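# Survey of secondary and tertiary structure
Chain residues, written in single-letter form:
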Amino acid sequence: MNKVGEFEELRPLLFSIAYRILGSVSEAEDAVQEAWLRFDGSAAVPTSVKAFLSTTVTRISIDVLRSARMRREEYVGPWFPEPLLSDPYQDPARSAELADSVSMAALLLLERLSPLERSVFVLREVFGFGFDDIASAVGRSEPACRQLLVRARRHMRTGRPRFEADRQKREELARRFFDALREGDVSGLRDLLATDVQMVGDGGGKAPQLARAVAGAENVTRLLASVFPLLARIDVTFEPHEVNAQPGAVFRDRDGKVLHTLALDVLDGRIQTIRTVINPDKLGHLGPVADAWTVSDEVKRVRRRMR
């Protein structure tokens, strides 16, 4: 197999590593492309192409993450990862770990770790790399990597996200939620929400967003029931779709442009958290992006006419 073929075979794995380290589709894609350029430009033939490329993309991702930390500290409002509709890397033996590790909740938890801790945790806990390969990837000794993993596990354990184990039950509850949303069924929505449910939005200061998290079943129901019928009146539609391996949907304006994504955390037969990403900078990889400000103004005009 030539270089191109070897690289393309490993591309899904490389992207999946980079995305979990960075929480950004665009930055992960850039990291993978840079890994290819370094691989293609290298005259040396690596003993293991997988090890070489995994090391390369990890090191690139660590550097990018370090520079991104300051930007995220200055971010306007809640910061969420760029929504991922499908993970290109498939491994039936690790399907559960892969799905849980790419969820919004898990990626937000990973934000608590240092870049090195995050990388070691991703390589070991998610992808099952040996400590020799991990040490090479992060430029630390094997004992140091074991210590990094211990610290990372401790941080992750304190807030480890939990999800409905039965995927069929999770999908059925999400179907009922979106049916109730589409039909404006207030009591149906309320019945599906946990008592302490939270709804949080990421606009990054570049799109309308919630001023703060909305908490409690009554408050979230009231918000959903007041906003989504108005969106329907101006021909905003949504298509249920997995978002970061959890039930969710992609919302589009009347021209089919992406307005925002919505992801649900489901546990114990109730929706625990609703996260929306409306920052246009985080939606471009999903297709043409709608002007959320224009949509918001149109919603306000419809609301005024209904009074």
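This structure is a prediction, so every number in the text was calculated from the model and none was measured.

## Concerning the overall build of the protein
When you go through the protein residue by residue, the secondary structure sums to 12 helices and six strands. For 307 residues, the compact-globule estimate of 2.2 N^0.38 gives 19 Å, and the C-alpha radius of gyration of the protein, at 21 Å, lies within 12% of that figure. Projected onto its principal axes, the C-alpha coordinates of the protein cover approximately 70 × 35 × 35 Å. Here the protein holds 307 residues, and 49% of them are scored as buried. Considering only residue pairs separated by 6 or more positions, the protein has 68% of its internal contacts joining residues 24 or more positions apart. As displayed, the protein offers around 14800 Å² of accessible surface, 49% of which is attributable to carbon and sulfur atoms.

## Section: helix α9 (residues 167–183)
Look at α9: 24 Å from first C-alpha to last across 17 residues, which is about the 24 Å you get at 1.5 Å a residue. Along α9, the residues that are buried comprise Arg170, Leu173, Ala174, Phe177, Phe178, Ala180 and Leu181. Seen end-on, α9 carries its buried residues on one side only, within an arc spanning 160°. Exposed residues on α9 whose side chains face more than 90 degrees from its buried face are Gln168, Lys169, Arg182 and Glu183. Regarding α9, its N-cap is Asp166, as a side-chain oxygen of that residue lies 2.9 Å from the backbone nitrogen of Gln168 further along.

## What about the side chain of Arg275?
Tracing the backbone through its elements, the reader meets Arg275 in strand β6 (residues 270–277). Polar contacts involving the side chain of Arg275 include one to the side chain of Asp265, which spans 2.7 Å. Setting aside residues no more than four positions away along its own chain, Arg275 makes contact with Phe80, Met104, Ala105, Leu108, Val200, Thr261, Leu262, Ala263 and Asp265.

## So, the packing of helix α1 (residues 3–22) against helix α3 (residues 49–73)
Here α1 crosses α3 at 30°, and the two axes come no closer than 9 Å. In terms of axis orientation, α1 runs roughly parallel to α3. Judged by the twist between their axes, the crossing of α1 over α3 is right-handed. Here Glu6, Phe7, Leu10, Leu13, Leu14, Ile17, Ala18, Ile21 and Leu22 of α1 lie close against α3, whose contacting residues are Val49, Lys50, Leu53, Ser54, Val57, Thr58, Ser61, Val64, Leu65 and Arg72. Classifying every residue of the contact of α1 with α3 by side-chain character gives 13 nonpolar, three polar and three charged.

## Considering the pairing of strand β5 (residues 258–267)
Within β5, 10 of the 10 residues are buried, which leaves the element mostly enclosed by the surrounding structure. One ladder, built from five bridges, connects strand β4 (residues 248–252) with β5; its direction is antiparallel. Its bridge partner lying in β5, Val250 is registered against Thr261. In sequence, β4 turns back onto β5 through a hairpin of five residues, with Gly256 there showing a positive phi of about 85°. Linking two consecutive strands that pair antiparallel, namely β5 and β6, is a turn of two residues; a positive phi of about 55° is found at Asp268 within it.

Quick notes on the rules
Residues numbered from 1 in each chain as written. Predicted model: local features only at pLDDT ≥ 70, side-chain atom pairs only at ≥ 80, totals over all residues. Heavy atoms only, no water. Helix = DSSP H or I, 4+ residues; strand = E, 2+ residues; numbered from the N terminus. Rg over C-alpha atoms; globule rule 2.2 N^0.38 Å. Buried < 20%, exposed > 50% of the residue type's maximum accessible area, 1.4 Å probe, protein only. Contact = heavy atoms within 4.5 Å. Areas by Shrake-Rupley, 256 points an atom, 1.4 Å probe, with all protein chains shown as cover. Expected span 1.5 Å × (residues − 1). Arc of directions from axis to C-beta. Polar contact = N/O pair within 3.5 Å; in protein donor to acceptor, adjacent residues only side chain to side chain. Axes fitted to C-alpha atoms, helices over the stretch in contact; angles between N-to-C directions. Parallel < 35°, antiparallel > 145°, perpendicular 65-115°, else oblique. Left-handed = near helix turned anticlockwise from the far one by under 90°. Nonpolar A, V, L, I, M, F, W, Y, C, P; charged D, E, K, R; others polar. Pairing = 2+ DSSP bridges.

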